[in-house]
Amino acid sequence: MRYRQLTTGTLALGVLLLIDVLRVWLPGIITIFGQAASTPAELMGAFALGWFVLAMGAPAVVRRVGARPVTVVAAVALAAARLALTAAPGGRTQLWLATAGLLAGLVWLVGVAADTDRPVPGLALGFAVNAAVHAVLDTVDLVWRGDWVGWLLSAVAVAVFLAGTAQPGRRGGADDALAGPADAPDGPADASAGPGGGRAWLLAGPALLLAGMVALSPALARTGMSYLVAGDGVARSPLFGLAPVPVAVAGFLCAALTRPPRGWGRAYGPVALLGGAVLFALDRGDLLLPAVLLAAVGLGACLALTDDASQPASDTASGGTASGGTASGGTASGGTASAGTSASRRGYAVAAGMLVFALGAVGYYSAYDLGYPNAAVPVVVAVLIAAVAFTARPVVHRLPGPFPPLRAAATVTALALLAPVLADEVPVASNRDGPPERLTVVAYNIRMGFGLDGRFDLTGLAQVVDRQRPDVVLLSEVDRAWLLNGGHDTLDLLSDRLAMPYVFGPAADPVWGDAVLSRWPVRDPRTLPLAAVGAPTGAQALAVTLDLGDGVRTAVVSTHLQPPPGTGPVVQARAVADFATRYAAGRPLVVAGDLNTEPGDEAFAEFTRAGLVDALAAARPLATSPADDPRQQIDHIFVSPGLTPGDPVAPRSTASDHLPVAVTVTLPPR
C-alpha cells in the first residue's frame, strides 16, 4: 500500500472509532450525567462543552512536544477506550470511559492535523464508511453488541488503526513533493506537511454534525421512507427503508472525491447543502428524504472545494523542494518555521471545528429541554460550511487523491447496498385468526431505548414487553434518529424484535414522538398536536383503528402528556380525552401512555370525566416511576365502558426509567 493510501485509511478508521465513541458519550450526557432529567440542562451543556474547550489546548501541546508522540499516545488511548466500551459496562464507568475516548479522539485529530495537509479523502471516507456500517448493522453500533462478532470486528478495526498509526514517516497528504524528504525528523513543530488544509480541517466538526444529523444518517433516511408510506403526518413500517442510504453515500463520496466544477458551478455544493438543511429544519416528515439526499451531495461537494491539494509552479522550477525546502541552501529554517506555523493553524482549525460540533449539538438538542426554537441551528451550520467552502481558493492543477474516486465510492456504496438486504425487516400484521375475544395492551415509556444504567438495551425492552404476549403496544419517548441519542431508529429495532409493524406519530419533531405496534392490521391513523402550554417538549396524540376481522374494530390512542412547569397537564389531558372519544365514535376505545398525572389529580379526572375507565384500578397503587424504586403512578391505561379489563400489572425492569403497564381487556360480545 502506498504511503498516502495508508495515511488516508488510518484517518478514516480513526474518524470511525471517534464517531463510535461519540455515539456512547452523547447519550451518556442525558442518561447518566443527566440522571433521568434531574440535572439542569444548563449543567449538562456545560459538561458537554467543557471537554471540547479543553481540547483547544492540544495544539500548544503538539507544538511543544511534536505531532507524532501526541498522535501515537492519543491513538492508543482512543483505541483502548473504544475497546473497553464494547464491554458496555454501563453507569458512570461507561460515561468516563467514553469521555476519555472523546478527549483522546480530539487530541488525536489535532495531532493528525499538524501533519496532514490533505484531510478531505480521509474525512470523507470515514464519514461514508461509518454511515454504511451503521446501516448494515441496522443502526445498532458494534459498541453495543457484546457478542463475539462485535468483539471481533471492533478488535480488527482497532488493530488496523493502531498499525497504521505506528507506521513511521511523514503524514502529509497533498503529495510527496509537498512533504519534504521522506526521512525528515519529527521536530517540535513537525513541519513535514505542506501549508494547506486549514479550511478542510476547520470543517471537520461542522461536517460531522450535519453528517450525523442529516446527510449520512441511516435512521433519518429510514424515517423519511416511513413517512412516504403513510402520509397524513404519520409514519408506517416501510419496505426497504434503508434503500436511500447507498444513494446518499454514493452522492456524498462522488462529490467529495472528484474535482469540483469551476466558476459559478462551484456553488452547486453550498446551494444543495443549504437546501437540505432548510428542508430538515422545516420539521416535516415528508421532507426528510429529500433533505438527506440534498445534504449528502452538498456536504461532499463543500468538502471537495476545500481540498486545496495542488502543486505550485515553483516546485518544479526549483527542483521539487516545496514549502520552504533547502534547495537554495538558505531557506531551511524559514521553511520549517513556515510549515510549523501552518501545522499549528491546522491544529487550531480542527479543534475549533470540533467545538462548533459541540456548540451545534448542544444548541440544537437543548432546545427540547429549555423550550427555545432550534430550527436555525442546522441552517447556520450549513451556512458556515458553505461560506468556508465557497470562498476557498480554486485549485488549478489539482493533484490526484490517494484512491481513485469512482472506485472508492463504488466500494463503499456496495457495502451500503447490503443494508436494505441484511438489515431491513418488515413485520406483517394479520387478522386471519380473528376476531379475538381478548386483547393484551402494553404501554411503555422507553426513554429512547436506554436503561437506567445508560446502556442501549433493546434486548431488555423487548423481553419485558414480549413476556406479556401483547396484541398492541403503545410507546412513549420514541427516538428515531437523534444524533444526541446515538442515531438509532429505536422504533424500527423494537418493531423487528417484537415482530409487530408500527405506526408513528411525531411530537417534538418528525423523529421524536409516540407509536403503536400491533399484531392486527391498523387502519385510519390520525395524529393531534397538543398545545405546549408552557412545556418545552412537544406532545401529540396518535389514534389508530385495529381491524380485528369480521367488521370488528377497536380504537387505540397513544400519547405522552407534557405538564407545564409547576402544574399538571390538564389542558392536554382534556384535549386527548375529547379527541379519543370523538375518534372512537362509539367503538371500543383504549387510551394509554405516560400521562404524567396520578390518580386523584385534575388531569387524571379529565379521562374519567369523559367516560373512560381506569383499567389498572384493581392493582392500585401501581407505581411505575422511577423504575428502580417506583413511587409515582404516572403511566396509565384507560378503556371505554364496553371493555372489561383484567390482570393489570407493571412488570419490573430497568431497561427504561419507567416500568411498562399491561392489561388484558375482554371485548364486548358481538
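For the structure itself, consult the block above.
Here's a quick rundown of the structure. (Residues numbered from 1 in each chain as written. Predicted model: local features only at pLDDT ≥ 70, side-chain atom pairs only at ≥ 80, totals over all residues. Heavy atoms only, no water.)

Each helix and strand in the chain was counted, giving 23 helices and 13 strands. Residue burial in the chain is summarised as follows: out of 670 residues, 59% are buried. Accessible surface computed for the chain: about 23,700 Å², of which carbon and sulfur atoms make up 62%. (Helix = DSSP H or I, 4+ residues; strand = E, 2+ residues; numbered from the N terminus. Buried < 20%, exposed > 50% of the residue type's maximum accessible area, 1.4 Å probe, protein only. Areas by Shrake-Rupley, 256 points an atom, 1.4 Å probe, with all protein chains shown as cover.)

This part is about helix α11 (residues 218-230). The terminal C-alpha atoms of α11 lie 19 Å apart, and with 13 residues this matches the ideal 18 Å at 1.5 Å per residue to within 8%. All of the buried residues in α11 are Pro 218, Ala 219, Leu 220, Ala 221, Arg 222, Thr 223, Gly 224, Met 225, Ser 226 and Tyr 227. (Expected span 1.5 Å × (residues − 1).)

Bringing the packing of aromatic side chains into the picture now. Taken as a whole and assessed by the stated rule, the structure comprises 21 aromatic pairs. A centroid spacing of 5.1 Å and a plane angle of 50° characterise the contact between Phe 450 and Phe 456, whose relative ring orientation is tilted. The residues Phe 450 and Phe 456 share a single accessibility class, namely buried. One aromatic cluster in this structure is built from Trp 25, Phe 33, Phe 47, Trp 51, Phe 52, Trp 96 and Phe 357. Lying over the aromatic face of Phe 390, Arg 266 brings its terminal NZ or CZ to 5.9 Å of the ring centre. Looking at Arg 480, its charged tip hangs above the ring of Phe 504, at a distance of 5.3 Å from the centre. (Phe/Tyr/Trp six-rings, centres within 6.5 Å; stacked < 30°, edge-to-face > 60°. Lys NZ or Arg CZ within 6 Å of the ring centre and 35° of its normal.)

Right, let's talk about the pairing of strand β13 (residues 661-666) for a bit. Judged by how many residues are buried, β13 sits mostly within the fold: five of six residues are covered. By the bridge criterion, six bridges tie strand β2 (residues 438-445) to β13 in an arrangement that is antiparallel. From the neighbouring strand, Val 441 faces β13, where its bridge partner is Val 663. Note that strand β12 (residues 644-649) and β13 share four bridges and pair antiparallel. Paired with Gly 646 across the bridge in β13 is Thr 664. (Pairing = 2+ DSSP bridges.)

This next bit is on the pattern of salt bridges. With the rule as written, the count across this model stands at 19 salt bridges. In this structure, Asp 286 and Arg 284 form a salt bridge, with 2.7 Å as the shortest nitrogen-oxygen distance. Accessibility expressed as a relative area gives 44% for Arg 284, which makes it partly exposed. The partner of Arg 553 in a salt bridge is Asp 547, and the shortest N-O contact between them spans 2.7 Å. Look at Arg 553 and you get partly exposed, because its relative accessible area is 30%. (Salt bridge = Lys/Arg side-chain N within 4 Å of Asp/Glu carboxyl O.)

What follows deals with the sheet that holds strand β3 (residues 472-479). Taken in spatial order, the seven strands make up an open sheet running β1-β4-β5-β3-β2-β13-β12, and their pairing is mixed. Bordering the open sheet on either side are β1 (235-236) and β12, each of which pairs with just one other strand. One ladder, built from six bridges, connects strand β4 (residues 502-509) with strand β5 (residues 512-518); its direction is antiparallel. When the bridges of β5 are listed, Gly 505 appears paired with Asp 514.

So, about the sheet that holds strand β6 (residues 522-530). A sheet is described by the order of its strands in space; here six strands give the open sequence β6-β7-β8-β9-β11-β10, paired in mixed fashion. Strands at the two margins of the open sheet, each flanked by one partner only, are β6 and β10 (613-614). Of the strand pairs in this sheet, strand β9 (residues 589-594) and strand β11 (residues 635-639) are connected by five bridges, and their pairing is antiparallel. Paired with Gly 593 across the strands is His 636, a residue of β11. Contacting β6, β7 (539-547), β8 (553-560) and β9, helix α22 (residues 570-584) runs over the sheet at an angle of about 155° to β6. (Contact = heavy atoms within 4.5 Å. Axes fitted to C-alpha atoms, helices over the stretch in contact; angles between N-to-C directions.)

For helix α3 (residues 58-65), the full list of buried residues reads Ala 58, Pro 59 and Val 62. When α3 is viewed along its axis, its buried side chains cluster within an angular range of 100° and face the same direction. (Arc of directions from axis to C-beta.)

All right, on to the nonpolar core then. Formed by 151 residues in total, the largest nonpolar core has its most connected members in Trp 25, Trp 201, Leu 216, Phe 252, Leu 253 and Leu 475. Sort the elements by how many residues they give to this core and helix α1 (residues 3-33) lands first, with 16 residues. Sequence-distant contacts of Phe 252, that is, excluding residues within four places in its chain, are made with Ala 124, Phe 127, Ala 128, Leu 216, Ala 296, Leu 299, Gly 300 and Leu 303. Judged by nonpolar contacts, the second largest core, of 31 residues, contains Val 234, Leu 439, Ala 443 and Ala 650. (Core = buried A, V, L, I, M, F, W, Y, C linked by side-chain atoms within 4.5 Å.)

Looking at the element boundaries, Ser 226 is found in helix α11. Put simply, Ser 226 and Leu 239 are 13 residues apart on the chain and 8.3 Å apart in space, counted from C-alpha to C-alpha. Beyond its immediate sequence surroundings of up to four residues, Ser 226 is in contact with Val 234, Ala 235, Arg 236, Pro 238, Arg 480 and Tyr 502. A polar atom in the side chain of Ser 226 sits 3.0 Å from the side chain of Arg 480. (Polar contact = N/O pair within 3.5 Å; in protein donor to acceptor, adjacent residues only side chain to side chain.)

Where helix α13 (residues 268-281) contacts helix α18 (residues 376-390), the two axes come as close as 9 Å, and the packing angle between them is 175°. By the angle class used here, α13 and α18 are roughly antiparallel. Here Pro 270, Leu 273, Leu 274, Ala 277, Val 278, Phe 280 and Ala 281 of α13 lie close against α18, whose contacting residues are Pro 378, Val 379, Ala 382, Val 383, Ile 385, Ala 386 and Phe 390. Considering only residue class, the contact of α13 with α18 consists of 14 nonpolar, no polar and no charged. (Parallel < 35°, antiparallel > 145°, perpendicular 65-115°, else oblique. Nonpolar A, V, L, I, M, F, W, Y, C, P; charged D, E, K, R; others polar.)

Bringing the environment of His 134 into the picture now. Looking at where His 134 falls in the secondary structure, it is placed in helix α6 (residues 120-136). By relative accessible area, His 134 is classed as buried at 3%. For the pair formed by His 134 and Ala 219, sequence separation is 85 residues and the distance between their alpha carbons is 9.0 Å. Leave out the neighbours within four places in its chain, and His 134 touches Arg 23, Thr 139, Val 140, Asp 141, Pro 218, Gly 486, Gly 487 and His 488.

The next thing to look at is the pairing of β7. Among the nine residues that make up β7, nine are buried, leaving the element largely enclosed by the rest of the structure. Where burial is concerned, the two faces of β7 agree: the one with Ala 539, Ala 541, Ala 543, Thr 545 and Asp 547 and the one with Gln 540, Leu 542, Val 544 and Leu 546 are both buried. When β6 meets β7, the two strands line up antiparallel, connected through seven bridges. Among the inter-strand pairings, Pro 529 is bridged to a residue of β7, identified as Gln 540. Here β7 pairs with β8 via seven bridges, running antiparallel. Paired with Thr 545 across the strands is Ala 555, a residue of β8. Joining the antiparallel neighbours β7 and β8 is a turn of five residues, in which Gly 549 adopts a positive phi near 95°.

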